[in-house]
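Residue strings, one per chain:
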Amino acid sequence: MPRDASFHAGLFERLPCVDDCAHEDEGNSLRRSSLSHLTAVSGANCAIILALVLAVTAACGLGRRWRFGAALVVLAGFVVLVTPEPSVVRAATMATIVLLAGAMGRPGRGLPALALAGIALLVADPWLSRNYGFVLSVLATLGLLVLTIPLARRLRRWLPAPVAAVLAIPLAAQLACQPVLVLLSPTLPAYGVPANLLAAPAAPIATIAGLAACLLLPWLPWLAVPLVWLAWLPATWIAAVAITTAGLPGSSLPWLGGPLGVGLTLACTAGILTMLPERRPGRRQAVLRIVSGAVLCLAAGCTVGAMVGTGLGRAAVFPANWQIAACDIGQGDAVVVRDGDQVALVDVGPDPALLTGCLGELDVDRVDLLVLTHYDLDHVGGLDAVIGRVDTALVGPPENAQDARLHAELSRGGATVAQTARGDHGVLGGLAWDVLWPVRGADELATGNAGSVTIRFEGRGVRSIFLGDLDEEAQSALLAEGPIGAVDVVKVAHHGSGDQSAALYAELGASLGLVSVGADNGYGHPTRSLLELLRSAGTALVRTDRDGLAVVAPTGAGPAGARAGAALRVWTEKVPGAG
């Protein structure tokens, strides 16, 4: 093989190290499996694209520097095309370092390239150190560089060499990233490694076909369209794997959060590495294995205990006759009202995945009545979670074409969409509902927060009102339209902002106020003035940032409209005050 060609092949083998895997001396089988089972998509895509560019330019007879110059240009275009997300920038920076080293005749090693790329990016933008995407990208790369070959060596004691090599790659990335992942969500992904193994072979096909389609579409659309369909097939497979594994029982195992969770995860990672077999373990290794086994048994016992205990404990205290449930979906609104098998949903929150999780917890498959109070993202962003599952949707007046498109999506999903206003009414099982705001035919049409659809439910011993994001002026105008009467439950307006009408809350006299709010939201919600206002009105507070999912049920202990919580039973996902 000519020297340039051999260098090109060597660079191609090292390019996966830009994001992932190889120590150069372990053998070709591990490198080949690394290429087809990459778990960090950004670096894998960079490796695939650059390998193609280098192969094409080499076939055209270009010199080494021209080849690497072309690769850098394509790499820059690729970053622009896929948008410069932190993980993409990190992968591209490492690829650039490897390419420049290759152009100067020096081997591009993975760990030095990762270190240099990390330092350069953090110097350019120190805030990347607080970006989870960047941190996880670096950790995945580090894990693949450091852990892949030791894991493969140890797994070969139990498994055939090709299987061990393939399994070591996603396992290394998972072990490296898990301590940070528990900070994002205190759970363990039970099927993360198998899902990566199933999805990874489709990534190179999707990358190559998708990029080719993007480049050809402006000039040769007749050729680009088949490539789009070709890219769609592996992309659909990847999505199907993700959706299927996420929906399997026990897909997320409970785990400690915060610093304790990180520490336990690190201890278990060390335990796993220690427990894997080695040749001729000495006395020290035997002691370490015993300690590691004890740690792993303790962690497994706690996990199983948490799963069983949480399930049994929740089943014992969760009110089967619940009527109102405020979903914990961050800084946004999504509140379910139910009577029997009839369900209403007031707003859908900011994220379809969060809403899907909440509806799954509540065993809600279909929504009979959807109310979109207004069109801010924190109230309509999760709409995709219920498209095709809604019978009737009540909406306010659209402010622009984007709002109108939401109506069209609901209609295409089979929903009857009606623009609502004061005076509209109906029933939901044994509950009566009526719309109090906005006012139809008003001289000045209220939109945005001030135009939030305000709806009241009554029946089964509970009277409730949902204020959307009404501001103080709109609340005062609502009160001026006529008496509302006392209620048991009020969904507090605008996540507990300070822009509230004390007169309205005094009129409502609710025994319970639900505040749907995100933890550390940056707005200071709920505000001190709102908390004082609720105390003055005699309204107890439940807030999703501290209490999690909150469920309200009638107790049957008092007449409808009884005050001070006499007719209400409240269940919260978290222990009050523990958050």
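Residues numbered from 1 in each chain as written. Predicted model: local features only at pLDDT ≥ 70, side-chain atom pairs only at ≥ 80, totals over all residues. Heavy atoms only, no water.

Trainee: Summarise the state of the cysteines; cite the residues concerned and give the values.
Mentor: Counted according to the given criterion, the structure contains 1 disulfide. Two residues, Cys327 and Cys358, share a disulfide whose sulfurs are 2.0 Å apart. Its torsion about the S-S bond being -75 degrees, the disulfide of Cys327 and Cys358 is classed as left-handed. Residue Cys327 is found in the loop between strand S3 (324-326) and strand S4 (335-339), and its partner Cys358 is found in helix H14 (residues 352-361); the two are separated by 31 residues along the sequence. The buried category is assigned to Cys327, whose relative accessible area is 0%. Taking relative accessible area as the criterion, Cys358 reaches 5% and is therefore assigned buried. (Disulfide = S-S within 2.5 Å. Helix = DSSP H or I, 4+ residues; strand = E, 2+ residues; numbered from the N terminus. Buried < 20%, exposed > 50% of the residue type's maximum accessible area, 1.4 Å probe, protein only.)

Trainee: Got a sec to walk through unusual backbone geometry? Specific residues and values, please.
Mentor: With an omega dihedral of 5 degrees, the bond running from Trp437 to Pro438 counts as a cis peptide bond. A cis amide bond links His525 with the next residue in sequence, Pro526, at an omega value of -10 degrees. One non-glycine residue, Thr83, lies in the positive phi region at around 75 degrees. Following the sequence through the fold, Thr83 ends up in the loop between helix H4 (64-82) and helix H5 (86-103). Overall, Thr83 belongs to the partly exposed group, its relative accessible area being 38%. The backbone phi angle of His494 is positive, close to 50 degrees, even though this residue is not glycine. Counting through the fold element by element, His494 comes out in the loop between strand S13 (489-491) and helix H18 (502-508). Accessibility expressed as a relative area gives 23% for His494, which makes it partly exposed.

Trainee: Can you explain the pairing of strand S6 (residues 367-372)? Please cite residues and give values.
Mentor: Counted residue by residue, S6 has 6 buried out of 6 residues, so it is predominantly covered. As paired strands, strand S5 (residues 342-346) and S6 are joined by 3 bridges and run parallel to one another. Across the sheet, residue Ala344 finds its bridge partner in S6, namely Leu369. Here 5 bridges tie S6 to strand S7 (residues 390-395), and the two strands are oriented parallel to one another. Following the sheet pairing, Val367 is matched in S7 by Val390. (Pairing = 2+ DSSP bridges.)

Trainee: Give a detailed account of helix H8 (residues 161-184), specifying residues and quantitative values.
Mentor: Compared with the 34 Å implied by 1.5 Å per residue over 24 residues, the 34 Å span of H8 between its first and last C-alpha is a close match. At Gln178, H8 shows its strongest bend, of approximately 55 degrees, with the proline Pro179 following within four residues. (Expected span 1.5 Å × (residues − 1). Bend = angle between axes of the 7 residues up to and from the residue.)

Trainee: Summarise the side chain of Ser501; cite the residues concerned and give the values.
Mentor: Along the chain, Ser501 falls in the loop between S13 and H18. Assessed through its relative accessible area of 3%, Ser501 is described here as buried. Once you skip the residues sitting within four places of it in the chain, Ser501 turns out to touch Glu472, Gln475, Ser476 and Leu533. (Contact = heavy atoms within 4.5 Å.)

Trainee: Before we move on, can you summarise the nonpolar core with the specific residues and values?
Mentor: Counting 33 residues, the largest nonpolar core has Val336, Leu362, Leu370 and Val386 as the members making the most contacts within it. Broken down by secondary-structure element, the contributors of at least two residues to this core are S5, H14, S6, S7, helix H16 (401-412) and strand S16 (550-554). Residues contacting Val386, with those up to four places away along its chain left out, are Leu345, Val348, Leu355, Leu359, Val367 and Leu370. Counting 25 residues, the second-largest nonpolar core is a separate cluster that includes Val337, Leu428, Val489 and Leu514. (Core = buried A, V, L, I, M, F, W, Y, C linked by side-chain atoms within 4.5 Å.)

Trainee: I'd like a description of the sheet that holds S5, backed by residues and values.
Mentor: Read across the sheet, 8 strands follow the order S8-S7-S6-S5-S4-S3-S16-S17 without closing on themselves; strand pairing throughout is mixed. Strand pairing shows two members of the sheet lacking a second neighbour, strand S8 (416-419) and strand S17 (568-572), which therefore form its edges. The mean inter-strand angle of the sheet, taken between neighbouring strand axes irrespective of direction, is 15 degrees. (Axes fitted to C-alpha atoms, helices over the stretch in contact; angles between N-to-C directions.)

Trainee: Quick rundown of empty space enclosed by the protein? Include the residues and the values.
Mentor: Gaps between atoms show up when a probe of the same size as a water molecule is rolled over them. According to the stated counting rule, one finds 1 cavity of 30 Å³ or more in the structure shown. Computed from the structure, the largest cavity encloses a volume of approximately 50 Å³. Along the walls of the largest cavity sit Thr373, His374, Tyr375, Gly396, Pro397, Glu399, Ala446, Thr447, Gly448 and Gly451, which together make up its complete lining. A class-by-class count of the residues in the lining of the largest cavity yields 3 nonpolar, 6 polar and 1 charged. (1 Å grid on protein atoms, 1.4 Å probe; cavity = no way out; pocket = protein on both sides within 12 Å on 5 of 7 lines; lining within 4 Å. Points joined across faces, edges and corners; volume = space filled by probe spheres on them. Nonpolar A, V, L, I, M, F, W, Y, C, P; charged D, E, K, R; others polar.)

Trainee: Explain the environment of Leu227 to me, and be specific about the residues and the numbers.
Mentor: Of note, Leu227 is situated in helix H11 (residues 221-247). Expressed as a C-alpha distance, the spacing of Leu227 and Gly210, which sit 17 residues apart in the sequence, is 6.8 Å. Among residues more than four places away in sequence, those in contact with Leu227 are Ala209, Ala212, Ala213 and Leu216.

Trainee: Help me get a handle on the packing of aromatic side chains, residues and values and all.
Mentor: Taken as a whole and assessed by the stated rule, the structure comprises 3 aromatic pairs. With centroids separated by 5.8 Å and ring planes inclined at 90 degrees, the aromatic side chains of Phe457 and Phe466 adopt a geometry described as edge-to-face. Neither Phe457 nor Phe466 differs from the other in exposure class; each is buried. (Phe/Tyr/Trp six-rings, centres within 6.5 Å; stacked < 30°, edge-to-face > 60°.)

Trainee: Which residues make up the confidence of the model for the protein chain, and what are the values?
Mentor: Averaged over every residue, the pLDDT of the protein chain is 82; the share at 70 or more is 82%. Scored below 50 in pLDDT, residues 1-40 makes 98 contacts in the model with residues more than four places away or belonging to other chains. Every residue in residues 557-566 scores below 50 in pLDDT, and together they form 17 contacts with partners more than four places removed in sequence or on other chains. (pLDDT = per-residue confidence, 0-100.)

Trainee: An account of a nonpolar patch on the surface is needed here, citing residue identities and associated values.
Mentor: The grouping of Ile205, Leu217, Val225, Trp229, Leu230, Trp232 and Leu233 at the surface amounts to a nonpolar patch, some 720 Å² of accessible area in total. For the nonpolar patch, the element with the most residues is H11, which contributes 5 residues. The topology assignment puts Leu233 in helix H11. (Patch = residues over 30% accessible without salt bridge, like charges linked within 9 Å, V, L, I, M, F, W, Y side chains within 5 Å. Areas by Shrake-Rupley, 256 points an atom, 1.4 Å probe, with all protein chains shown as cover. Salt bridge = Lys/Arg side-chain N within 4 Å of Asp/Glu carboxyl O.)

Trainee: I'd like a description of the pattern of salt bridges, backed by residues and values.
Mentor: Scanning the model with the defined rule gives 8 salt bridges in all. Lys491 is paired through a salt bridge with Asp333; the nearest N and O atoms lie 2.6 Å apart. Of this pair, Lys491 sits in strand S13 while Asp333 sits in the loop between S3 and S4, and the two are 158 residues apart along the sequence. Its relative accessible area of 2% is what places Asp333 among the buried residues. Linking Asp545 and Arg543 is a salt bridge whose minimum nitrogen-to-oxygen distance equals 2.8 Å. The same class applies to Asp545 and to Arg543, which are both buried.

Trainee: Give a detailed account of the pairing of strand S11 (residues 454-459), specifying residues and quantitative values.
Mentor: S11 sits mainly inside the fold: 5 of its 6 residues count as buried. Of the strand pairs in this sheet, strand S10 (residues 431-437) and S11 are connected by 5 bridges, and their pairing is antiparallel. Bridged to Val435 within S11 is Ile455. Of the pairings in the sheet, the one linking S11 to strand S12 (residues 462-466) comprises 5 bridges and is antiparallel in character.

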